[in-house]
Amino acid sequence: VQLQASGGGLVQAGGSLRLSCAASGRTFGNYVMGWFRQAPGKEREFVAGIGGSTYYADSVKGRFTISRDNAKNTVYLQMNSLKLEDTAIYYCAAGMPTFALRVRREGYDYWGQGTQVTVSS
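Residues numbered from 1 in each chain as written. Predicted model: local features only at pLDDT ≥ 70, side-chain atom pairs only at ≥ 80, totals over all residues. Heavy atoms only, no water.

Attention now moves to the sheet that holds strand S7 (residues 64–69). On the basis of which strands lie adjacent, the open sheet formed by four strands has the order S1-S3-S8-S7 and antiparallel pairing. Either end of the sheet is taken by a strand with one partner, and the two such strands are strand S1 (3–6) and S7. When the angles between neighbouring strand axes are averaged without regard to direction, this sheet yields 15 degrees. Pairing of strand S3 (residues 17–23) with strand S8 (residues 74–79), which is carried by six bridges, proceeds in the antiparallel orientation. Across the sheet, Leu 17 pairs through a bridge with Met 79, a residue of S8. (Pairing = 2+ DSSP bridges. Helix = DSSP H or I, 4+ residues; strand = E, 2+ residues; numbered from the N terminus. Axes fitted to C-alpha atoms, helices over the stretch in contact; angles between N-to-C directions.)

See the structure below:
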């Protein structure tokens, strides 16, 4: 599986962005898809995931929405009410994690190249 993330950019605090992640391969629908982010000097952290259900990090719950279109082999991350602390490189990932690993990097086998999201005041 190859992943290509896009949609990042510069946005003011309170604004919105939608990230997309296009996947290659005919088995896209079999994978759990996740979004992670990494801010400068910090560890890469889980943001949102979608498999049979959706799940979110507490820091983005109620502001971000993950969705997928299996016909288009694409997963999306709608980000609303953006905050300065959302500034990071956002990565999409695909895998078949166990329940315990679904919010951890180790649960995912394939990664996109990342797209920069910068939130300004």
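Once the structure has been displayed, the description carries forward.
Further remarks concern the nonpolar core. In this structure, Met 33, Trp 35, Leu 77, Met 79 and Tyr 90 are the most contacted members of the largest nonpolar core, which totals 36 residues. For this core, the element with the highest residue contribution is strand S9 (residues 88–95), accounting for five residues. Setting aside chain neighbours within four positions, we find Tyr 90 in contact with Leu 19, Trp 35, Phe 36, Arg 37, Val 47, Phe 64, Leu 77, Met 79, Gly 114, Thr 115 and Val 117. (Core = buried A, V, L, I, M, F, W, Y, C linked by side-chain atoms within 4.5 Å. Buried < 20%, exposed > 50% of the residue type's maximum accessible area, 1.4 Å probe, protein only. Contact = heavy atoms within 4.5 Å.)

Quick look at the state of the cysteines now. With the rule as written, the count across this model stands at one disulfide. Here Cys 21 engages in a disulfide with Cys 92; their sulfurs sit 2.1 Å apart. Looking along the S-S bond of the Cys 21-Cys 92 disulfide, the torsion reads about 60 degrees, which is the right-handed sense. With Cys 21 in strand S3 and Cys 92 in strand S9, this pair connects stretches of sequence that are 71 residues apart. Assigned by exposure class, Cys 21 and Cys 92 land together as buried. (Disulfide = S-S within 2.5 Å.)

The next thing to look at is the packing of aromatic side chains. For the structure on display, the rule yields six aromatic pairs. Where Phe 36 meets Tyr 108, the ring centres are 5.3 Å apart and the plane angle is 75 degrees; that geometry is what we call edge-to-face. Taken as a pair, Phe 36 in strand S4 (residues 32–38) and Tyr 108 in the loop between S9 and strand S10 (110–111) lie far apart in primary sequence, 72 residues in all. Classification of Tyr 108 by relative accessible area gives buried; the value is 4%. Considering the side-chain rings of Phe 46 and Tyr 55, the 5.6 Å spacing of their centres and the 15 degrees angle between planes classify their relative orientation as stacked. Residue Tyr 55 is classed as buried on the basis of its relative accessible area, which comes to 9%. Through successive ring pairs, a cluster of aromatic residues spans Phe 36, Phe 46, Tyr 55, Tyr 108 and Trp 111. A cation sits over an aromatic face here: Arg 44 above Trp 111, 5.1 Å from the ring centre. (Phe/Tyr/Trp six-rings, centres within 6.5 Å; stacked < 30°, edge-to-face > 60°. Lys NZ or Arg CZ within 6 Å of the ring centre and 35° of its normal.)

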